[in-house]
Each structure stands twice: as C-alpha cells, then as structure tokens.
Amino acid sequence: MMRRSLPSVHDLAELVTYKFANRSNITVRYGTYIVSTASFVGHLMSTSKGRDKICSLIQYIAQFYYECINNSNILTVQELHGESAIISALIAIRIRKSMSSGRKIFRFLKFVDEIGHIHKVAFKSKKRSLPKFLTILGHIASAVYYFLDNTIWAANIGVLTSLVSQEKIVDLKQKKDSFSLTRSISNLIFSILKVRRNQRKVKEYIKLIHSYPNKIITSGDPAYETVRNLIRTRRKIRFRTLDVIHGCLRIIMLYRSLELPHHRILHPVFVAFCGVMSSGISVFKAAIEKETFLKIDIPEETKTMDTSRSYSALFDPASAV
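Quick summary incoming for the structure in this document. Bear in mind the structure is a predicted one, so any value in this text is a computation, not a measurement.

Comments concerning the nonpolar core
No. 1: Of all hydrophobic cores here, the largest spans 10 residues; its members are Tyr60, Phe239, Leu242, Leu249, Met253, Leu266, Val271, Cys274, Val276 and Ile281.
No. 2: Those residues in contact with Val276 that lie beyond four places of it in its chain are Leu57, Tyr60, Ile61 and Phe64.

Points about a nonpolar patch on the surface
No. 1: On the surface, a nonpolar cluster with roughly 420 Å² of combined accessible area is contributed by Leu130, Phe133, Ile185, Ile189 and Leu193.
No. 2: Mapped onto the nonpolar patch, the elements with two or more residues apiece are α7 (129–156) and α8 (166–211).
No. 3: Take the nonpolar patch: its biggest share by element is 3 residues, from α8.
No. 4: Considering the arrangement of structural elements, one finds Phe133 in helix α7.
No. 5: Overall, the relative accessible area of 51% leaves Phe133 in the exposed class.

With respect to the packing of helix α3 (residues 48–70) against helix α10 (residues 268–288)
No. 1: Where α3 contacts α10, the axes come no closer than 8 Å and their chain directions differ by 160°. Between α3 and α10, the interaxial angle falls into the category roughly antiparallel. Read as a crossing pair, α3 and α10 show a hand that is left-handed. Of α10, the residues touching α3 (which contributes Lys53, Ile54, Ser56, Leu57, Tyr60, Ile61, Gln63, Phe64, Glu67 and Cys68) are Pro268, Val269, Ala272, Phe273, Gly275, Val276, Ser279, Gly280, Ser282, Val283 and Ala286.
No. 2: Of the residues contributing to the contact of α3 with α10, the split by class is 13 nonpolar, 6 polar and 2 charged.

What about unusual backbone geometry?
No. 1: Phi is positive for Leu109, which is not a glycine, with a value near 60°.
No. 2: In this model, His262 sits at a positive phi of 65°, which is unusual for a non-glycine residue.
No. 3: Structurally, the position occupied by His262 is in the loop between α9 (222–257) and α10.

Parameters and conventions
- Residues numbered from 1 in each chain as written.
- Predicted model: local features only at pLDDT ≥ 70, side-chain atom pairs only at ≥ 80, totals over all residues.
- Heavy atoms only, no water.
- Core = buried A, V, L, I, M, F, W, Y, C linked by side-chain atoms within 4.5 Å.
- Buried < 20%, exposed > 50% of the residue type's maximum accessible area, 1.4 Å probe, protein only.
- Contact = heavy atoms within 4.5 Å.
- Patch = residues over 30% accessible without salt bridge, like charges linked within 9 Å, V, L, I, M, F, W, Y side chains within 5 Å.
- Areas by Shrake-Rupley, 256 points an atom, 1.4 Å probe, with all protein chains shown as cover.
- Salt bridge = Lys/Arg side-chain N within 4 Å of Asp/Glu carboxyl O.
- Helix = DSSP H or I, 4+ residues; strand = E, 2+ residues; numbered from the N terminus.
- Axes fitted to C-alpha atoms, helices over the stretch in contact; angles between N-to-C directions.
- Parallel < 35°, antiparallel > 145°, perpendicular 65-115°, else oblique.
- Left-handed = near helix turned anticlockwise from the far one by under 90°.
- Nonpolar A, V, L, I, M, F, W, Y, C, P; charged D, E, K, R; others polar.

Bear in mind that shape data such as this cannot, by itself, settle questions of function.
As structure tokens, then:
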C-alpha cells in the first residue's frame, strides 16, 4: 500500500492547532506583524497620493522585469521572447500599461494645486532669493507637466481628438518630460542647498555643545534645546539626502526617455531599476510623512538626567555626521 506524499487537509488542520497551542508566542508575534503591516499599507492607501505611489512602484517593478527579459543575454530566453512565448513578460507589459493609464486619474487637475503653491511661495514665503526661485521654478514646471499630462490623457480617451492629433500627442509627451526634467533639476539643486545648510547648522550645534560647562542637564538649560535642534537637523539631513538620491534617479530616467545626447550608454535595465528605486523612495517618503520630525518630551518627574551623564558623554564628536 502506497503512503501519501502530501498531507491531507485534516493533517494540516491538526498541525495548525498544534502550533497555536504550543507556540502561541510565535503566533502572536507574526500575527501582530501581519496586522501592523496591513494597517501601514491601509494608512498609505487612504490618500490619492499614497495610491499613486503604490501604483507607480508596481508599474516600475513590472517594467524592470520586462526589461530584464527583453535585454537578456541568454539565448533560450531571447528565442522564447522573440516568439512571444514568455507569458510572464506579456503580463508584465500589460501591468505596466495598465498602471500607467490608471495613475492618470490621480493627477487629474493637479496643476491647480501647483498654481496655488506658486502664489503662496511668491507672495507669502520668506525664503531667500535662490531657494525661492528654485521652488517657484519647480512648481511652474510641475503645473505645466500636470496640465500636459491631463491633456494627453483627455486626447487618448477621445475627449480632445478633434484638437489633438496622434502626432501632437507624441510632441506633447516630449514636452511633458522636458518640464518634468526641469522640475527634477530644480528640486535636486534645492535639496542639495538644504543639505549643505543643515550640515553647517550641525557643525554650529556641535561647537555650541562643546562650549557648555560640564554640569547636569535640565529642561530649562540652553543645552536642552541645542541637543533637540541637533537631533531634528540631523533628521532633516537624512530626508533631504533621500530627496537628492530621488532627484538623481529621476534625472537618469528622463535623460533616457528624452533621448538626449549619449543616452544609449544608459542600459534599459539600469533605467528600469532606477525607476524601481525612485518609486520605492517615494513610497517611503509618503508613508513616514517626512515633515513630522522627532520631538523630545521629558516627564515632569524626570526633568533632570542622571548626574553621570555629562555633556561629553551625551555627545560623542566621533559620531558627528
């Protein structure tokens, strides 16, 4: 009589029951992880911006998979792909097109928001001249980009067929990418300036901390606010560094898309990978809400720190960034 090689449903049920009964701590830990992950994704998907970033990530993952197959050096893969025999590649390209088309609705009339941002920065912002100029330039490029994107979407669904021909759609796509490149460059320069400015602040805070006398830290002590500002500034640097990386990735992608000089040195697989990384950073930034910085609160009953913690122990110059 042959023995079964696969467990039955009854065997699996008994196994699950045993795991729950004898390893409840593992079950609770993984169950908590699943619930927290689902809550995190649900919170991210509760906004149109979050949904757009998730769809963008899926789109570029599908694009990356397709480019890996389309540019494969394996002879068998090349033959099968030439005969359209790799079903997963066909599915990936359909996913990419579907996500690209579906994301259009999240950008519908978004250029109106950019016009409001332009007015706010131009007349109400107290930024210095160069950062203010870069911010306004980025918002102007974004407004034109979203307007052209909405126009192309309306032409593709037939609303503006009489006004926009297929030849004009190709030209509009090139102009849209050009304004996107302008926006990425201005945002990149702005982020680099912010990083350098915050790095100078960190050095000032470090110098200020070392100038304080070696004594117990209290909530009303100037050192308390200095350390708080140091932590917050370092956090800002980390987020602005992400902005710099994201801007560089976007510029690489747009450089290839616009077919600028020497664009062929950028391999399609590398460009697709840049898209995955760029979308991943966007999802990360949207999820953690980068403008919410760390706040240090000390309860009333613990206003003072341990007397063994001096300024020299609180801050190690070797760890400065």
